[in-house]
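Structural description and commentary
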Amino acid sequence: MSSLLASLSLPPIPSAPARRSDLVWVEADPQEPMLRIPTTSRVRPMATLLHRGIPGATRDLWVRKSVLDRLLVAASLLPEGFCLIVHDAWRSTVAQRALSEEANRLAAELGLDGETFAFNPDNPSGSLGYPTDDPPHRTGGAVDVMLGTADGHEWPMAVPFDGISALTSTAALEARPDADPHALLGRRLLYSVLTRAGFTNYPAEFWHYDFGNAFWRHFGSLGAGPMYRSIEDSPEP
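Below is a short write-up of the structure. Note that the coordinates shown come from a computational prediction; the quantities given were computed from them, not determined experimentally.

Time to look at the overall build of the protein chain. Across its full length, the protein chain holds six helices and seven strands. Reading the protein chain from its N terminus to its C terminus gives the helix and strand order α-β-β-α-β-α-β-α-β-α-β-β-α. For 237 residues, the compact-globule estimate of 2.2 N^0.38 gives 18 Å, and the protein chain sits close to it at 17 Å. The proportion of buried residues among the 237 residues of the protein chain is 54%. In the protein chain, the share of contacts with a sequence separation of at least 24, taken over all contacts with a separation of at least 6, comes to 72%. About 10300 Å² of surface is accessible on the protein chain, with carbon and sulfur atoms providing 55% of the total.

Structure, rendered in structure tokens:
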């Protein structure tokens with residue numbers, strides 16, 4: 001697998017988001033329905049927050065229809081032997097608040113800003129100046145994705161999903177001569193397939209990708225336009 005990744009032409013991850021001219025004419029339908037992410041050979045949804053005991057977590061993972069369509073496209077772009085492991089998608093306000101409190105507590109122990117790692121629904125402007133008062137996951141337009149092998153094991157990425165570390169930023173390994181080459185190539189592959197499918201990345205978290213919400217417009221420099229807004233009620237029956 002490592003030799004396969006090394007043989008791919010994977011460009012470095014940019015240190016800052018660039019304008020996504022390929023998405024200028026793409027529009028999101030604010031009325032688009034929510035769909036459950038199915039398990040396929042290339043897409044593995046995991047009820048990670050539920051297993052961690054996060055209050056308000058759902059059993060299944062839910063996203064807008066266009067997000068699911070693009071997730072399947074991204075998975076189809078992977079080389080043989082790889083899959084996308086999806087840890088989180090739509091989030092309730094209760095779950096978002098619990099994750100924000102956890103991130104702030106853990107980040108404080110490391111001298112980091114917790115709002116880098118979890119949107120605070122009670123302080124939407126935040127210390128980082130978030131582009132919306134809609135937590136991106138609550139719109140159904142955000143997914144947290146890791147690279148996996150065909151048998152469902154996660155590829156090493158230097159930091160686990162939802163890890164609190166200075167290395168969580170997407171391009172953090174690009175300038176480090178001591179970076180694990182497996183993790184560096186894994187991040188490049190994940191970034192490549194998801195951005196080619198129309199997602200934008202939240203630069204502070206290598207696993208967080210958006211389509212159709214305010215983060216997508218902001219980090220893609222797409223300007224004003226229709227976008228997904230918060231969905232308050234759980235889509236889960």
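This part is about the pattern of salt bridges. Counted by the stated rule, this structure contains 12 salt bridges. Note that Arg42 is salt-bridged to Glu80, the shortest N-O span being 3.0 Å. On the criterion of sequence distance, the pair formed by Arg42 in the loop between strand 1 (34-36) and strand 2 (43-45) and Glu80 in the loop between helix 3 (65-76) and strand 4 (82-88) is long-range, its members being 38 residues apart. Of the residues examined, Glu80 reaches a relative accessible area of 64% and is grouped as exposed. The closest approach of N and O atoms between Arg59 and Asp60, which form a salt bridge, is 4.0 Å. According to the relative accessible area criterion, Asp60 is partly exposed, its value standing at 24%.

Let us now look at unusual backbone geometry. A positive phi angle is found at Ala158, which is not glycine, with a value near 80°. Mapped onto the secondary structure, Ala158 falls in the loop between strand 5 (142-149) and helix 5 (181-196).

Quick look at the side chain of Glu32 now. By the element assignment, Glu32 lies in the loop between helix 1 (2-7) and strand 1. Buried charged residue Glu32 carries no salt bridge. Nearest counter-charge: Arg64, at 5.9 Å. What Glu32 contacts, discounting residues up to four positions off in sequence, is Arg64, Lys65, Ser66 and Tyr228.

Counting residues in each nonpolar core, the largest one holds 40 residues, and the members touching the most others are Ile37, Leu71, Val143, Leu194 and Phe199. With near-sequence residues (within four places) excluded, Val143 lies in contact with Val63, Val67, Val86, Asp88, Ala89, His137, Phe199, Trp207, His208 and Tyr209.

Attention shifts here to the pairing of strand 4. With seven of seven residues buried, strand 4 lies mostly within the body of the structure. The pairing of strand 2 with strand 4 spans three bridges and is classified as parallel. Directly across from Val43, in strand 4, lies its bridge partner Leu84. Where strand 4 and strand 5 come together, six bridges link them in antiparallel fashion. Bridging across to strand 5, Leu84 finds its partner in Leu147.

Below, the discussion takes up the side chain of Asp134. Turning to its location among the elements, Asp134 is positioned in the loop between helix 4 (93-110) and strand 5. Note on Asp134: relative accessible area 8%, which makes it buried. Within the structure, Asp134 has its side chain in polar contact with the side chain of Ser230 (distance 2.8 Å). Contacts of Asp134, omitting those with residues within four sequence positions, involve Phe119, Thr139, Arg229 and Ser230.

This part takes up the sheet that holds strand 2. Strand order in the open sheet made by the five strands is 2-4-5-7-6, with mixed pairing throughout. With one partner strand each, in any of the chains shown, strand 2 and strand 6 (200-201) form the two edges of the open sheet. Of the strands in this sheet, strand 4, strand 5, strand 6 and strand 7 (208-210) are in contact with helix 5, which crosses strand 5 at around 130°.

Here we take up the packing of aromatic side chains. A full pass over the atoms with the stated rule returns eight aromatic pairs. Relative to Phe215, the ring of Tyr202 has its centre 5.5 Å away and its plane inclined at 50°; by these criteria the two rings are tilted. Of this pair, Tyr202 sits in the loop between strand 6 and strand 7 while Phe215 sits in helix 6 (residues 214-219), and the two are 13 residues apart along the sequence. Like Tyr202, the residue Phe215 is buried in the burial classification. Members of the aromatic cluster, joined through ring pairs, are Phe161, Phe206 and Trp207.

The rules behind the values
- Throughout, residues of each chain are indexed from 1 in the direction in which the sequence is written.
- Per-residue local features of the predicted model are confined to residues with pLDDT of at least 70, and side-chain atom pairs are confined, for both listing and counting, to 80 or more; whole-chain, interface and lining totals are unaffected and use all residues.
- Heavy atoms throughout the structure, all of them, feed into the side-chain values; hydrogens and water do not.
- Elements are defined by DSSP. Helices are runs of H or I of four residues or more, strands are runs of E of two residues or more, and each kind is numbered from the N terminus.
- C-alpha atoms define the radius of gyration, and 2.2 Å times the number of residues to the power 0.38 defines the globule rule.
- Exposure is judged per residue with a 1.4 Å probe applied to protein chains only, and the accessible area is read against the type maximum: over 50% gives exposed, under 20% gives buried, and values in between give partly exposed.
- The criterion used for residue contact is that any of the two residues' heavy atoms lie within 4.5 Å.
- Values of accessible area rely on a 1.4 Å probe in the Shrake-Rupley scheme; residue burial ignores everything except the protein chains shown.
- A pairing counts as a salt bridge when a side-chain nitrogen of Lys or Arg comes within 4 Å of a carboxyl oxygen of Asp or Glu.
- This count recognises Lys and Arg as positive and Asp and Glu as negative, with His and chain-terminal groups excluded.
- For the purposes of this section, nonpolar cores are sets of buried Ala, Val, Leu, Ile, Met, Phe, Trp, Tyr and Cys residues that join through side-chain atoms within 4.5 Å.
- The criterion for strand pairing is that DSSP finds at least two bridges linking the strands in question.
- Side-chain atoms alone can form a polar contact between residues adjacent in sequence; in general such a contact is a pair of N or O atoms within 3.5 Å, and within protein one must be able to donate a hydrogen while the other accepts it.
- Note on geometry: axes are lines fitted to C-alpha atoms, helical ones only across the stretch in contact, with angles between N-to-C directions running from 0 to 180 degrees.
- The aromatic pairing rule takes the rings of Phe, Tyr and Trp, using the six-membered ring of Trp, and pairs them if the centres are within 6.5 Å, calling planes under 30 degrees apart stacked, those over 60 edge-to-face and the rest tilted.

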